[in-house]
Amino acid sequence: GGYGRDWDAGLNEDGVNAGAGGSGGNVTATLRGTFNGNGGGATFISIGGSGGQGGKAESWAGSIGGYGGVGGAGQTVSVTTTSTARLGTSAANDAALIVKSQGGTGGVGGGGPTGGKAGAGGSGGNVIVNLTGGTIASLGGTQSAGVLAQSFGGNGGDGGKGGDVLGPNGGAGSQGGGAGAVA
């Protein structure tokens, strides 16, 4: 998301609220053939954008920093393997097939005598893995899975910094986003 404008002389003494992060796109894939490697066999991810930072307020009592933008949502990720799919990884702490949807991080609140409220984290989307055949395996990497499927929400942003002298009130942090279903 975009940065909220800082206060300007002759205009409002408060910071301007930031823009929201954009949503990730939907991902759909059908796997045929061989996908092997040291960094995983195949990875499919939808990630929402981070919310913008709220604008800074004038240092007058009563001024408030702009609110941080809300993180964008991750969208649905759906992957299907066919009978001809061969996926593997030889790397440690990896997976042969990685399928994720992740919400974007909430934006930071703008600073001022009273800091701006943070933006909430975006929600993760649904993750669907259809194993209709083929081979998925860890090829010797320690602590490596065949399939890693996850959906998680983005972290909530940090509240804006309060003033040092006038109204030293920091802005409120915000909640993280929810997770989608994993099937």
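This one's a predicted model, so the numbers in the text were calculated from it and none came from an experiment.

(A) Structural detail: the overall build of the protein. The number of helices and strands found in the protein is zero helices and seven strands. Walking the protein from its N terminus toward its C terminus, one meets helices and strands in the order β-β-β-β-β-β-β. A compact globule built from 183 residues should have a C-alpha radius of gyration of about 16 Å, whereas the protein, at 21 Å, is more than 25% larger. Taking the principal axes of its C-alpha atoms as reference, the protein extends roughly 65 × 30 × 25 Å. The 183 residues of the protein split such that 40% are buried. In the protein, the share of contacts with a sequence separation of at least 24, taken over all contacts with a separation of at least 6, comes to 82%. Within the structure as shown, the protein displays about 8400 Å² of accessible surface, and the carbon and sulfur contribution to it stands at 50%. For the protein, the centre of its 7 positive side-chain charges and the centre of its 8 negative side-chain charges are spaced 18 Å apart.

(B) Expanded view of the pairing of strand 2 (residues 42-47). Only one face of strand 2 is covered, namely the one carrying A42, F44 and S46; the face carrying T43, I45 and I47 has none of its residues buried. Two strands pair when backbone bridges link them, and strand 2 and strand 4 (residues 95-102) are joined in this way by six bridges, in the parallel orientation. Bridging across to strand 4, S46 finds its partner in S101.

(C) Spatial organisation of unusual backbone geometry. At N93, a position not held by glycine, the phi torsion is positive, near 55°. Note on placement: N93 falls in the loop between strand 3 (77-89) and strand 4. Judged by its relative accessible area of 59%, N93 falls in the exposed class. Although it is not a glycine, Q143 adopts a positive phi angle of roughly 55°. Relative to the elements of secondary structure, Q143 occurs in the loop between strand 6 (135-138) and strand 7 (145-152).

(D) The arrangement of the side chain of S101 in detail. Its place among the elements puts S101 in strand 4. Of note is the side chain of S101, whose polar atom sits 2.8 Å from the backbone oxygen of Q75.

(E) How the structure looks around the environment of N155. In this fold, N155 is placed in the segment after strand 7. As a C-alpha pair, N155 and Q175 span 20 residues in sequence and 7.1 Å in three-dimensional space.

Rules of the game
- Residues numbered from 1 in each chain as written.
- Predicted model: local features only at pLDDT ≥ 70, side-chain atom pairs only at ≥ 80, totals over all residues.
- Heavy atoms only, no water.
- Helix = DSSP H or I, 4+ residues; strand = E, 2+ residues; numbered from the N terminus.
- Rg over C-alpha atoms; globule rule 2.2 N^0.38 Å.
- Buried < 20%, exposed > 50% of the residue type's maximum accessible area, 1.4 Å probe, protein only.
- Contact = heavy atoms within 4.5 Å.
- Areas by Shrake-Rupley, 256 points an atom, 1.4 Å probe, with all protein chains shown as cover.
- Lys, Arg positive; Asp, Glu negative; His and termini not counted.
- Charge placed at Lys NZ, Arg CZ, Asp CG, Glu CD.
- Pairing = 2+ DSSP bridges.
- Polar contact = N/O pair within 3.5 Å; in protein donor to acceptor, adjacent residues only side chain to side chain.

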